[in-house]
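# Coordinate analysis (summary)
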Amino acid sequence: MIAPNDTREMTRNQRGLVDTCFEEGQYESGITILDQLRSISFRPAAAHIRQLIYIALFPPPPLTGDRVNEHEHPPPSPVKGSPTKQKHALPNASLSPSVVASEAAQRLLLSFLSTNSPESLFRALPKYPLHNDRPEPGSDEHDEDSVIARESLCIKDCRNCWAILKGGFIPRKRLFSLAQDGRRKRGRDIYALDDVDLENESTTQPAIVAEHAWPVLGWLLSLFEKDELFAAQISAAKFSPLLLSQIPPPRGGAGPRWEVDAPLDLIFYCVEQEASQRRGMSTRLLTLLVNLSLTPDFDLQMFTAAVTARLYSSSPQVVQFLMDSLPKTIPVLTFKVALCQKFLSTAPSVSGGIKPRPKPLSRRAPRRDSGATSSTTEANVAQTGTNAAATKSAVPAVSDIFQLVTGGPDYQKQKSALASPSIFIMKYVLLLSFSHLQAVLPPGQRDDDWRDALASGRLQHVIDTAFPSNSEYHRALTLIFSFWPPG
């Protein structure tokens, strides 16, 4: 994939065409013009992308019976002549975006992904600076006479991009302009909140993703995924720097980033949805976060602990879905092994508390400067998608895996009493993830003890010990490893 050469801004005249339409509430016309101006050679103005996001997130009108009450305060209707004449024809019309305009904005945001770089589009969103950030060329000016331009500034002031998706972040407003007779009066535009929104605000907890915000979430995930591909071409490590910019740096200012509560809230909200596409967004975002382990600026251990804490309070169905839906790449498999270790090492006991258990220790590589990367390391990253030395140090020994799965000498007596469905799931995932990881690692990084365990029958003994013989996990693992290649 070739990165677009969109380092130049759209010209002032081009931006003016869009500004005029947006100022007069002709959002569909402005979106059409912006789509026609879309090019791999010019980046759109940050203010225009921000306004597109605002329009895309604008709540639809309330339902009245079986129909949407779209025409309670209709937007300006197309009138022959200039936008100013249109404004004179309907001076008291609402300037609120319509459902049609919101859908057009959502489509155009996706279209921009095909012509422009994620970095140029992300300038419209809030972020925490990275150590290698460069000053952005161009300005972020907005049309002060435009209602939508001023309203969209709330996006710029958020802590992170996830905040804009929440229910109530953009309340439904009926926007009106006080500018009359063709005279512009800056700062004199007014709006009124719809009564329905005022009622819901006091009685309901805002959703983590508003019902009308799911298309924008999908756009954000696609943007981060494309950023991964471009980053891999530059540094040979497939992770999204833009996603890293959504995680705040440590309070001291130094060290890897680790505060991931906001994206984890989003992941575990998505996985509870009934629609398969929305559930799939949890997998996409979790995969993006796991891939951040390829940079030393992200604390994988803290992230693993945070995910483990969420899994403890999740249903077995949620645990099963997340573990099954993740891709089988080296970074993800390494994460799944570490996650299962953490989960099983401090698995909840029958009484509901946390029962500490012997925790296998990983072999750690010596700490190194995050900015120093040898040519050998870059070659390994390019070949396998991860740092070979870091992967080898993060993967535990086979004996540690087996000890954790079987649970020690007293485990057989307590197996039926202690093992919850989630514990069986994680043991099953641990054995499978470790075996898949051994299969995809380069030969020099594989554990010889794993091959011996397959050939000698020691792995089958572990399966017999860890799982009841009549369980689906026992039957599945026995069948899988009976066909597993030994080397």
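These numbers come from a predicted model, not from an experiment.

The rules behind these values
Residues numbered from 1 in each chain as written. Predicted model: local features only at pLDDT ≥ 70, side-chain atom pairs only at ≥ 80, totals over all residues. Heavy atoms only, no water. Helix = DSSP H or I, 4+ residues; strand = E, 2+ residues; numbered from the N terminus. Buried < 20%, exposed > 50% of the residue type's maximum accessible area, 1.4 Å probe, protein only. pLDDT = per-residue confidence, 0-100. Contact = heavy atoms within 4.5 Å. Arc of directions from axis to C-beta. Phe/Tyr/Trp six-rings, centres within 6.5 Å; stacked < 30°, edge-to-face > 60°. Lys NZ or Arg CZ within 6 Å of the ring centre and 35° of its normal. Axes fitted to C-alpha atoms, helices over the stretch in contact; angles between N-to-C directions. Parallel < 35°, antiparallel > 145°, perpendicular 65-115°, else oblique. Left-handed = near helix turned anticlockwise from the far one by under 90°. Nonpolar A, V, L, I, M, F, W, Y, C, P; charged D, E, K, R; others polar.

## Looking at the environment of serine 96
With respect to the helices and strands, the residue serine 96 is situated in the loop between helix 4 (83-89) and helix 5 (99-115). Given a relative accessible area of 6%, serine 96 falls into the buried group. Sequence separation between serine 96 and tyrosine 27 is 69 residues, and the spatial gap between their C-alpha atoms is 9.3 Å.

## Examining the confidence of the model for the protein
Residue-level pLDDT values for the protein average 81, and 72% of them are 70 or greater. For the stretch residues 180-189, pLDDT sits under 50, and the model shows 20 contacts to residues farther than four places along the chain or on other chains.

## Some thoughts on helix 2 (residues 27-37)
Since there are 3.6 residues in each turn of an α-helix, residues three or four apart along the chain are aligned in direction. Buried within helix 2 we find Tyr27, Gly30, Ile31, Leu34 and Leu37. Projected down its long axis, helix 2 shows its buried positions confined to an angular sector of 125°, all on one face. Elements in contact with the buried residues of helix 2: helix 1 (12-23), helix 3 (46-57), helix 5 and helix 7 (147-151).

## Notes on the packing of aromatic side chains
Within the structure shown, the criterion is met by 16 aromatic pairs. Relative to tyrosine 473, the ring of tyrosine 428 lies with its centre 5.5 Å away and its plane at 55°, an arrangement referred to as tilted. On the criterion of sequence distance, the pair formed by tyrosine 428 in helix 21 (residues 421-440) and tyrosine 473 in helix 24 (residues 472-482) is long-range, its members being 45 residues apart. Across the pair, tyrosine 473 and tyrosine 428 agree in class, each one buried. By way of ring pairs, the aromatic residues Phe402, Phe434, Trp450, Phe481 and Trp484 are connected into one cluster. When the ring centre of phenylalanine 321 is taken as reference, the NZ or CZ atom of arginine 279 above it lies at 4.1 Å.

## Structural notes on helix 12 (residues 261-270)
Listed as buried for helix 12 are Pro263, Leu264, Leu266, Ile267, Phe268 and Cys270. Among the structural elements, helix 10 (214-235), helix 13 (276-291), helix 14 (300-312) and helix 15 (316-325) are those in contact with the buried residues of helix 12.

## Some remarks on the packing of helix 10 against helix 13
Two elements in contact, helix 10 and helix 13, have axes whose closest approach is 11 Å; the angle formed by their N-to-C orientations is 30°. By the angle class used here, helix 10 and helix 13 are roughly parallel. Pair helix 10 / helix 13 crosses with left-handed handedness. Contact with helix 10, carried on its side by Trp214, Leu217, Gly218, Leu221, Ser222, Phe224, Glu225 and Glu228, involves Arg278, Met281, Arg284, Leu285, Leu288 and Asn291 of helix 13 and no other residues of that element. Here the residues of the contact of helix 10 with helix 13 are counted per class, giving seven nonpolar, three polar and four charged.

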